[in-house]
Amino acid sequence: MMNLPGLNLATPVADAPPIAVVEKHEHNLRIYTEYRFEVSFARTLTIKLLEGTAEYFGTELAPTQTYSFSGTKGAIFTWHGCRLEVSGEAESEYVAEETGMVAYANAHLALEGLRDRGGLEGGPRVLVVGPENAGKTSLCKILTAYAVKVGRQPMMVNLDPRQGMLSVPGSLSTAAFSSILDVEEGWGSSPISGPSPIPVKMPLVYHYGLANPEEGKVFKPLVTRMALAVISRLEEEPLSKSVGFVIDTPGSISAGKGGVYDNIEHIVSEFSINVVFVLGSERLYSDLSRKYQNRPTDEAVNVVRLDKSGGCVDRDEAYMKQFRQAQIRAYFFGSDKENGLAPHSQTSDFGDLNIFRIAEDSSNAYGHDEDDMYSRPSGIYEKTIPTLSIQNSLLAVTTASPADRQEVIRDASVRGYVYVSDVDETKKKVRLLLPQPGQTPANAMILGSFPEDVPGLVS
Amino acid sequence: MSYSAEVAADFRDALQDLKANKRLEISILTGIAKDNTEHAQAISEELEKHIKTTRPEWKLPALYVLDSIVKNVGTPYTVYLGRNMFPTFMAAFQLADEETRTAMENLLHSWKQPVPDSIDARPVFPSSVTQDIEKFLIRFRAINPQNPLPQRPPQGLPRSLPARPPTQGQMNPWNRTATPPQGRFPAPNDPRNRTGPTYPAAISPPIAIQPAPVAQQALPTQTVDFNRLMADVNQLLLNCQTAHALVPTDVDTKEKLDALKGLKGILESHSLPLHQLQKIREQIDNMAPPPTAQQVFINNPPPAPPFAIPAFQQFAPATSTPDPALNLTQILFPNGVPWTTTPMAPTPSLATAPLANPAAPAPFTPPPQLSGPPLITPSLAQMLAQFCQPPATPPVMAPTPASHAPVMPHAAPSAPVAGSAEWLLNALKGLPPTGTPSSVQATPLSSEPMTRQTSATANAEVELSSASMKRPRLNLYTKLYDAYPNLCRTCGRRFTFTTEGKEKKARHMDWHFKVKDPDAAKRGTHRSWYIDEKEWVKYDEVDETLPEQASNGDGAKAVKKEAKDKYVPVPQDVALSQAPCPICQEKFEHQWNVDANEFVWMDAVKVNGKIYHATCWEEYSRGSTLAAPSTPDSVLGKRKAEVSPAGLGKKGRVN
Ligand SMILES: Nc1ncnc2c1ncn2[C@@H]1O[C@H](COP(=O)(O)OP(=O)(O)O)[C@@H](O)[C@H]1O
Ligand SMILES: [Mg+2]
Ligand SMILES: [Zn+2]
Ligand SMILES: [Zn+2]
């Protein structure tokens, strides 16, 4: 069902002229169908619900809003049938009869059952795994949106650095959702200094700084740290505890090296996962269910298989790169809806910045080059003075002091990000873009290789 | 805000979205009015105000709302709205274009008549209300001879609206009245009705099977059209039979089929009171593509479908009503049935599937024939079970024209309701007739075996297993919506209609209003720093639907406020709002505080009428006996949601 000619093959945007839908037109969706569309970053598609009900990955469309999408691949599903008014330009659009929604809604209902019966143990602690583009993030959104819809306050954890949640790519984050998700902006917006038409979400953010959890040695410690924060929060808040949380993950940890899923096991044990949804991989499902089949009841892990939705679209690297840049831009400048944010640009001395670059070969630190001073077990970072090479890159402002041990810096959550827009090596000055006015943070800042440079964020 | 004011505000919100003659919206507004007759005065005032102030082109739709309310709900709205009818009407009329004026005159004319099909012979408004307006109109037309009085419609169609093109073919009754009757069921015993030997003969066929396109403008409201209901039920039955014929072994289809037969039997053999008919109608509409989906179909004649006629039309040549059997098969076989080739191919019908062009790759619009009446779901059966209760008062023959009580000509004492309950139960359960009505009530029925559960325990029974995830439980999914029927039309968040739900929604609407503050957008906003671990772990999510103090009282959680966390609202006083901190001479930075719901200066305290940076003040007063004043509670509201940039600066205020 994925190979229908011309429909959802990931064609490079540049090669294929987009199928331009300029005219305003209507779609009548019958019950249990969905309208799927792809819009490039250069174009906008607007969708208005005229009649009936409709939802975008679980979040209901309001009848008075016109939603605009750009750089988006998505689907509008209806449980009751609806009429949509669509205008703008889509690379592709069609109505699908067969969707994954029945299974996703079942998953929600089953979790609700566990929440009702949770007792002291609390609600289900859910891990979503599967290959890239299997619909993991979409499922997470639906589960979160439905829980919000029935009046819960679910918690989400994003462990996929390739795609930020309420933050930039390269970050790992977690947040509780007490209000509806933002249809146009993915997960919504973190707090801004003014009012926001959709309530903002309050994330806790850590910086990973690499694309792939399978590289480097920072991923597992960060998982451990984040699990600590999430579980502490649940203990603080009985209401959240009864709802539990859902963890989204990158596809790479589901690849498995010789049937070993090191990172998955680590997450399961750190977060005391008791439900695993496996999307779109028979082999992963069978490996994991075998792995977790004979556990004592109090540590039981229920591995459940879900079919990959026919709507999932493969996103090529070109798209992902644009996606990342859009996320970074939105962090500083806001999305349209936030009416444009005003970041603050200022100049700092080299000496004001405490930059810690993630050590290149940190993954090989153990064992190999024991005499290399940067490869000591504590050689997670190299303290760096600014050079031209950091121009256009993103620095994560941690809560740690530069005097702290490297492990402390690693485990520190971040206060936000600054962007290096210019480096003057002769005057020893850097021009920084800060999210808000104020002095240059004196905290330890992490510089990773991911996300990549964003040239021209400030022109 | 009083509760009445809240209801009125809700009504106003919905009203403000009404920019065309939208049947669905008008009926929603009518519904609000109907559900809140105790607030009729506030609602009436809101409506009058809206008609007075809204743009001229939106006045007519609002007048249709008024019309729909007075005709469908009646008193007390007729009383309240009647009082100011003259100025309201007159003001709108003067601003209206000629077409609208004609429509308004027709409205007025219809108000001098009884509600169509009602047994109440009194006019909609007493003549004291309409007379003044009539006089005004006559004078107005006399002064404006270029706009002569439109010709009275011919006798046969006394209330037709010239503004709407007459439909070809069969005339829908709604077109003959400004807004159709809704709350009052047509009284067949009314001598004015051309009631034939069969009950619903006086009512025209349902709009759904009207063959001709009608005007784009939707009709104002809907009614419980018995014929249409029967037609829809028959159509569902047909579809279900089709599905059953295709997959005779499927238990679900069989059960749905039986439930439908039961429904049909009850509808045919019993005089159901109006509210039950309405429930059935509602239920069917709820389960269906929105009631308007059919209208969509007739309103917008679609391009011819690229594929052959759906198979079911061969079963049902007599009607053009869309075919939900496709959905049914889809539901029964979520992973595809033998004859459906792909999820996207629009070829699920038996007859055409084999002919489907596999090379057709283009995105497509579903053939509109496919939109249609609802798939029957078990919740219908549950609802029916409740009808099996003997009615509190048995239907009586009450031909007194003054009564509003729904009266059916065929109220048949020979077929008691309780008997039909048993009959229906048998049909649904496949059990011998044992159930008493009360036991029926206690355990609502479901025709779907794996979802046989009451709503309270529904969740508990969805097993978490790979196989269970594939099983459709259609009656449960719609609860996501049905359990929270009170929709915020601005953002899509849902509430209940309970007192608590309404209060939450009112606060929620207030919140929408506040964040829309146009001044807010002008002041530069920026992304805030994220909070740190400790704060996050203790953080109470802000819920705009809860009263302010609700999340405040938790003493155990209240962390000692640090100086940087203190804030004061941005002062109203101009001089004060421009003044810098007396200690460091730096200006204050304002930011939006979600909890306080206003712009505040963070890291600020007010001492003796002056505002200082809290951190400056703390430093300054350290060592002295002065204690820094804390942020006043009234301002505090809740825990702060904003993070001040302090603590990051190189001054190292906190770190
Ligand atoms: N039903 C659907 N219809 C259209 N697009 C979809 C659908 N489900 C997912 N997508 C899109 O497919 C892409 C991959 O899905 P995603 O949930 O991000 O997968 P993963 O998180 O597993 O990588 C995303 O762009 C997503 O928006
Ligand atoms: Mg993902
Ligand atoms: Zn809202
Ligand atoms: Zn100061």
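Structure: see above.
Remember, it's a predicted structure, so these values are computed and weren't measured experimentally.

*Asks:* With reference to specific residues and values, describe the overall build of chain B.
*Replies:* When you go through chain B residue by residue, the secondary structure sums to 25 helices and seven strands. The 655 residues of chain B split such that 54% are buried. At a minimum sequence separation of 6, the contacts of chain B that also span at least 24 residues come to 72%. Put simply, chain B shows about 28600 Å² of open surface, and 57% of that area lies on carbon and sulfur atoms.

*Asks:* Describe the nonpolar core, with residues and values.
*Replies:* Residue and element names in this part refer to chain A. Membership of the largest hydrophobic core comes to 71 residues, with the highest contact counts inside it found for Y35, F37, I47, W79, L84 and F277. No other element matches the nine residues that helix α1 (residues 101–117) contributes to this core. Non-local contacts of L84, meaning those with residues more than four positions away in its chain, are made with H25, E26, H27, L29, Y35, I47, K48, L49, L50, A54 and I76. If you look at the next biggest cluster of nonpolar residues, it comprises 66 residues, including A227, F271, V301 and Y417.

*Asks:* Break down the pattern of salt bridges for me, with residues and values.
*Replies:* Between side chains of opposite charge, a pair can form as their charged atoms come close. Evaluation of the coordinates by the stated rule reveals 41 salt bridges over all chains. As a salt-bridge pair, E236(A) and K538(B) come within 3.3 Å of each other at their nearest N and O atoms. With E236(A) in helix α3 (residues 219–236) and K538(B) in helix α22 (residues 533–538), this pair bridges two chains. By relative accessible area, which is 27% here, E236(A) ends up partly exposed. In this structure, R489(B) engages E25(B) in a salt bridge whose closest nitrogen and oxygen atoms are separated by 3.5 Å. With a gap of 464 residues between them, R489(B) in the loop between β1 (486–487) and β2 (494–495) and E25(B) in helix α2 (residues 23–35) connect regions that are remote in the sequence. A relative accessible area of 17% means that R489(B) is categorised as buried. On the basis of relative accessible area, E25(B) is assigned to the buried category, the value being 15%. When salt bridges with common partners are traced through the structure, they connect E112(A), R115(A), D116(A) and R152(A) into a single cluster.

*Asks:* Tell me about the coordination of the zinc ion (ligand 3), and please be specific about residues and values.
*Replies:* Six octahedrally arranged donors around a metal ideally form angles of 90 or 180 degrees; four tetrahedrally arranged donors ideally form angles of 109.5 degrees. All names here are of chain B. Taken together, the protein donors to the zinc ion (ligand 3) comprise C488 (SG), C491 (SG), H508 (NE2) and H512 (NE2), at separations of 1.9 to 2.3 Å. Around the zinc ion (ligand 3), the four donor atoms are arranged such that angles at the metal cover 99 to 117°; this shape is classified as tetrahedral. In primary-sequence terms, the residues that donate to the zinc ion (ligand 3) follow C-x2-C-x16-H-x3-H. Of this pair, C488 sits in the loop between β1 and β2 while H512 sits in helix α20 (residues 499–515); the two residues are 24 residues apart in sequence, bridging distant segments of the chain.

*Asks:* With reference to specific residues and values, describe the sheet that holds strand β3 (residues 45–52) of chain A.
*Replies:* All names here are of chain A. The strand order across the open sheet built from four strands is β1-β8-β3-β6, with neighbouring strands paired in antiparallel fashion. Since the sheet does not close on itself, it has two edges, and those belong to β1 (25–29) and β6 (66–69), each with one partner. Each strand axis lies, on average, 25° off the axis of its neighbour in the sheet, ignoring direction. Strand direction decides the pairing type here: β3 and strand β8 (residues 82–88), joined by seven bridges, are antiparallel. Within β8, the position partnered with K48 by the bridge is E85.

*Asks:* Explain the pairing of strand β14 (residues 245–248) of chain A residue by residue, including any values.
*Replies:* All names here are of chain A. Where burial is concerned, the two faces of β14 agree: the one with F245 and I247 and the one with V246 and D248 are both buried. The pairing of strand β10 (residues 125–129) with β14 spans three bridges and is classified as parallel. If you follow L127 over to β14, its bridge partner there is I247. In terms of strand pairing, strand β11 (residues 155–158) meets β14 through four bridges, oriented parallel. Note that in β14 the partner of M156 across the bridge is V246.

*Asks:* Account for the site of ligand 1, with residues named and values stated.
*Replies:* Residues and elements named next belong to chain A. Taken together, 19 residues are adjacent to ligand 1, and E34, K73, N133, K136 and S138 come closest. Contact between ligand 1 and N133: an oxygen atom at 2.7 Å from a main-chain N or O atom of the residue. Contact between ligand 1 and S138: an oxygen atom at 2.6 Å from a side-chain N or O atom of the residue. Looking at side-chain class alone, the shell around ligand 1 contains six nonpolar, seven polar and six charged residues.

*Asks:* Give a detailed account of the sheet that holds strand β5 (residues 598–602) of chain B, specifying residues and quantitative values.
*Replies:* Residues and elements named next belong to chain B. Reading across the sheet, the three strands line up as β3-β5-β4 and stay open at both edges, with antiparallel pairing between neighbours. The outermost strands of the open sheet, each flanked by one partner alone, are β3 (567–569) and β4 (590–593). With strand direction ignored, the average angle separating the axes of adjacent strands in the sheet is 45°. With three bridges joining them, β3 and β5 adopt antiparallel strand pairing. From the neighbouring strand, V568 faces β5, where its bridge partner is W601.

*Asks:* Talk me through the packing of aromatic side chains; I want residue IDs and the actual numbers.
*Replies:* Think of a pair of aromatic rings as described by two things: how far the centres are apart, and how the planes are tilted against each other in angle. This model, assessed by the stated rule, comprises 22 aromatic pairs over all chains. On the numbers, 5.9 Å between centres and 90° between planes, the contact of Y331(A) with Y417(A) is edge-to-face. Residue Y331(A) is found in helix α7 (residues 317–333), and its partner Y417(A) is found in strand β21 (residues 414–424); the two are separated by 86 residues along the sequence. Pair check on accessibility: Y331(A) and Y417(A) agree, each one buried. In textbook terms, an aromatic cluster arises when at least three aromatic residues are bridged by ring pairs, as seen for Y35(A), F37(A), Y56(A), F57(A) and F69(A). Lying over the aromatic face of W536(B), R233(A) brings its terminal NZ or CZ to 4.8 Å of the ring centre. Positioned above the aromatic ring of W58(B) is the side chain of R55(B), whose terminal nitrogen or guanidinium carbon lies 4.3 Å from the ring centre.

*Asks:* Kindly report on α7(A), identifying the contributing residues and their values.
*Replies:* Each turn of an α-helix holds 3.6 residues, which means side chains three or four residues apart point in the same direction. All names here are of chain A. Counted at 1.5 Å a residue, the expected span for α7 with its 17 residues is 24 Å, and the 24 Å between its end C-alpha atoms agrees. Burial in α7 covers these residues: Y319, M320, F323, R324, Q325, Q327, I328, A330, Y331 and F332. Here the buried face of α7 lies against β7 (72–78), β20 (394–398), β21 and β22 (429–434). Downstream of α7 by a residue or two, G334 has a phi angle that is positive, lying close to 80°.

*Asks:* Any chance you could break down the packing of helix α4 (residues 56–72) of chain B against helix α7 (residues 98–111) of chain B for me, citing the residues and the numbers?
*Replies:* Residue and element names in this part refer to chain B. Relative orientation of the contacting elements α4 and α7 amounts to 10°, with a least axis distance of 11 Å. Comparing their axes, α7 and α4 come out roughly parallel. Where α4 approaches α7, its residues L60, L63, Y64, L66, D67, V70 and K71 are matched on the opposing element by T100, A103, M104, L107, S110 and W111.

*Asks:* Describe the packing of helix α1 (residues 3–16) of chain B against α20(B), and please don't skip the residues or the numbers.
*Replies:* All names here are of chain B. Contact geometry of α1 with α20 gives a least axis separation of 10 Å together with a crossing angle of 60°. In terms of axis orientation, α1 runs oblique to α20. Judged by the twist between their axes, the crossing of α1 over α20 is left-handed. Between α1 and α20, the contacting residues are Y3, E6, D10 and D13 on the first element and K502, E503, K505, A506 and M509 on the second. Of the residues assigned to the contact of α1 with α20, the class counts are three nonpolar, no polar and six charged.

*Asks:* So what's going on with unusual backbone geometry? Residues and values would help.
*Replies:* The omega angle of the peptide bond from F450(A) to P451(A) is 0°, so this bond is cis rather than trans. Locating P451(A) in the fold gives a position in the segment after β23 (444–447). The omega torsion of the bond from T75(B) to P76(B) falls at 0°, within 30 degrees of zero and hence cis. On the secondary structure map, P76(B) appears in the loop between α4 and α5 (77–83). With a phi angle near 50°, D603(B) is a residue other than glycine that sits in the positive phi range. Within the secondary structure, D603(B) sits in the loop between β5 and β6 (604–607). Its relative accessible area of 5% is what places D603(B) among the buried residues.

*Asks:* Give a detailed account of the side chain of N158(A), specifying residues and quantitative values.
*Replies:* Tracing the backbone through its elements, the reader meets N158(A) in strand β11. Reaching out from N158(A), the side chain makes a polar contact with the backbone oxygen of Q163(A) at a distance of 2.8 Å.

*Asks:* Break down the environment of Q278(B) for me, citing the residues and quoting the values.
*Replies:* Mapped onto the secondary structure, Q278(B) falls in helix α11 (residues 274–287). Through-space distance from the C-alpha of Q278(B) to that of L229(B) is 9.8 Å; in sequence the pair is 49 residues apart.

*Asks:* Tell me about the environment of L60(B), and please be specific about residues and values.
*Replies:* Residues and elements named next belong to chain B. By secondary structure assignment, the location of L60 is in helix α4. Of the residues examined, L60 reaches a relative accessible area of 13% and is grouped as buried. When the C-alpha atoms of L60 and A103 are compared, they prove to be 8.1 Å apart, with 43 residues separating the residues in sequence.

*Asks:* Give me the lowdown on the pairing of β11(A), citing residues and values where you can.
*Replies:* Residue and element names in this part refer to chain A. Of the two faces of β11, the one carrying M155 and V157 and the one carrying M156 and N158 are both buried. Across four bridges, β11 lies against strand β12 (residues 171–176) in antiparallel orientation. Pairing of M156 across the sheet is with A175, part of β12.

Here is what the cut-offs are and how they apply
Residues numbered from 1 in each chain as written. Chains lettered and ligands numbered in written order. Predicted model: local features only at pLDDT ≥ 70, side-chain atom pairs only at ≥ 80, totals over all residues. Heavy atoms only, no water. Helix = DSSP H or I, 4+ residues; strand = E, 2+ residues; numbered from the N terminus. Buried < 20%, exposed > 50% of the residue type's maximum accessible area, 1.4 Å probe, protein only. Contact = heavy atoms within 4.5 Å. Areas by Shrake-Rupley, 256 points an atom, 1.4 Å probe, with all protein chains shown as cover. Core = buried A, V, L, I, M, F, W, Y, C linked by side-chain atoms within 4.5 Å. Salt bridge = Lys/Arg side-chain N within 4 Å of Asp/Glu carboxyl O. Donors = N, O, S within 2.8 Å, 3.2 Å for Na, K, Ca; no water. Tetrahedral: all angles 85-135°; square planar, octahedral: opposite > 155°, others 65-115°. Pairing = 2+ DSSP bridges. Axes fitted to C-alpha atoms, helices over the stretch in contact; angles between N-to-C directions. Near = heavy atom within 4 Å. Polar contact = N/O pair within 3.5 Å; in protein donor to acceptor, adjacent residues only side chain to side chain. Nonpolar A, V, L, I, M, F, W, Y, C, P; charged D, E, K, R; others polar. Phe/Tyr/Trp six-rings, centres within 6.5 Å; stacked < 30°, edge-to-face > 60°. Lys NZ or Arg CZ within 6 Å of the ring centre and 35° of its normal. Expected span 1.5 Å × (residues − 1). Parallel < 35°, antiparallel > 145°, perpendicular 65-115°, else oblique. Left-handed = near helix turned anticlockwise from the far one by under 90°.

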